[in-house]
Amino acid sequence: PLFDRAISGTYPSGSTFKIVTATAGLETGKITESTTIDDPGILIIGPYKFPNWLYLRNGGTQGTLNVVSAIQKSNDIFFYKTGEAVGVAGLVSWAKKFGLAQKLGIDLPGEATGSLPVRSDWYLGDTYHLAIGQGDLLVTPLQVNRWTSVIANGGKICRPHLIGDTNCKDLGISKKTLDLVKQ
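First, a word on scope: everything that follows refers to the structure included in this document. Just so it is clear, the model here is predicted, and its values are computed rather than measured.

A separate point is the overall build of the protein chain. Scanning the protein chain from terminus to terminus reveals eight helices and six strands. For the protein chain, the succession of helices and strands along the chain, N to C, is α-α-β-β-β-α-β-α-α-α-α-β-β-α. Overall size of the protein chain, expressed as C-alpha extent along the three principal axes, is 50 × 35 × 30 Å. Among the 183 residues that make up the protein chain, the fraction classed as buried is 47%. Considering only residue pairs separated by 6 or more positions, the protein chain has 68% of its internal contacts joining residues 24 or more positions apart.

Direction of pairing for strand 2 (residues 42-45) relative to strand 3 (residues 48-51): antiparallel, over a ladder of four bridges. The partner of Ile-45 across the bridge, within strand 3, is Tyr-48. If you look at the hairpin formed by strand 2 and strand 3, you'll find two residues sitting between the two strands, and Gly-46 has a positive phi there, around 60°.

A few words on the packing of aromatic side chains. All chains considered together, the criterion is met by six aromatic pairs. With centroids separated by 6.1 Å and ring planes inclined at 75°, the aromatic side chains of Phe-50 and Tyr-80 adopt a geometry described as edge-to-face. Highlighted residues: Phe-50 in strand 3 and Tyr-80 in helix 5 (residues 76-97), separated in sequence by 30 residues. For Tyr-80, a relative accessible area of 3% puts it in the buried group. On the numbers, 6.3 Å between centres and 50° between planes, the contact of Trp-94 with Phe-98 is tilted. Here the two residues Trp-94 and Phe-98 agree in accessibility, since each one is buried. Pairwise contacts between aromatic rings join Phe-50, Tyr-80 and Tyr-128 into one cluster.

Look at helix 5 against helix 6 (residues 124-131): their axes get within 8 Å of each other, and the N-to-C directions meet at 95°. As summarised for this structure, helix 5 and helix 6 are arranged roughly perpendicular, according to the angle between their axes. Contacts from Phe-79, Tyr-80, Lys-81, Gly-83, Glu-84, Gly-87, Val-88, Leu-91 and Val-92 in helix 5 reach Leu-124, Thr-127, Tyr-128, Leu-130 and Ala-131 in helix 6. Looking at the contact of helix 5 with helix 6 residue by residue, the classes come out as nine nonpolar, three polar and two charged.

This paragraph deals with the environment of Leu-138. In this structure, Leu-138 sits in the loop between helix 6 and helix 7 (141-152). Separated by 38 residues in the primary sequence, Leu-138 and Leu-100 place their C-alpha atoms 8.7 Å from one another. Setting aside residues no more than four positions away along its own chain, Leu-138 makes contact with Thr-10, Tyr-11, Pro-12, Gly-114, Ser-115 and Gln-143.

With 12 residues, helix 7 ought to run about 16 Å at 1.5 Å a step, and its terminal C-alpha atoms sit 17 Å apart, in line with that. Buried within helix 7 we find Leu-142, Gln-143, Val-144, Arg-146, Trp-147, Val-150 and Ile-151. Following helix 7 by one or two positions, Gly-154 adopts a phi angle in the positive range, close to 70°.

Cut-off values and rules
- Residues numbered from 1 in each chain as written.
- Predicted model: local features only at pLDDT ≥ 70, side-chain atom pairs only at ≥ 80, totals over all residues.
- Heavy atoms only, no water.
- Helix = DSSP H or I, 4+ residues; strand = E, 2+ residues; numbered from the N terminus.
- Buried < 20%, exposed > 50% of the residue type's maximum accessible area, 1.4 Å probe, protein only.
- Contact = heavy atoms within 4.5 Å.
- Pairing = 2+ DSSP bridges.
- Phe/Tyr/Trp six-rings, centres within 6.5 Å; stacked < 30°, edge-to-face > 60°.
- Axes fitted to C-alpha atoms, helices over the stretch in contact; angles between N-to-C directions.
- Parallel < 35°, antiparallel > 145°, perpendicular 65-115°, else oblique.
- Nonpolar A, V, L, I, M, F, W, Y, C, P; charged D, E, K, R; others polar.
- Expected span 1.5 Å × (residues − 1).

Spelled out as structure tokens, the structure:
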């Protein structure tokens, strides 16, 4: 009962990380508002299978998706392919901009940093997992709140606090990207 999970517990973020992947794809130009990807339900790379959650549930697919519909439907296939286009270095770079793998500086003791991938033996499937918030990614609930608030705050990242003034900086995310992710 004395373990503050909000700032000290680290967990896979799951689909909430798709906000970071979408932003990385849009800001690097790897995807645009008009980019579409057809969801076949599953991607197969050699002996490895990377399904969409709906395919796992009942064999379903979600058709042709753009970034807005992919976020709305939480489509894994769209984000696997976006992560592949951005690459692990691009995903990690944008994750760091959003405050991952570092203490956020909240005025409470015991804050954890979480973790991002640092391995040298990296495979495409690892990128797929990272792009949907799984694999070598651990975050605190406060970090999830912070990257979500970046979109809500118009691209500004703020240091969380209990007491004191708000300290924010602009990440330079375009209005177009912010509007698409908000949709």
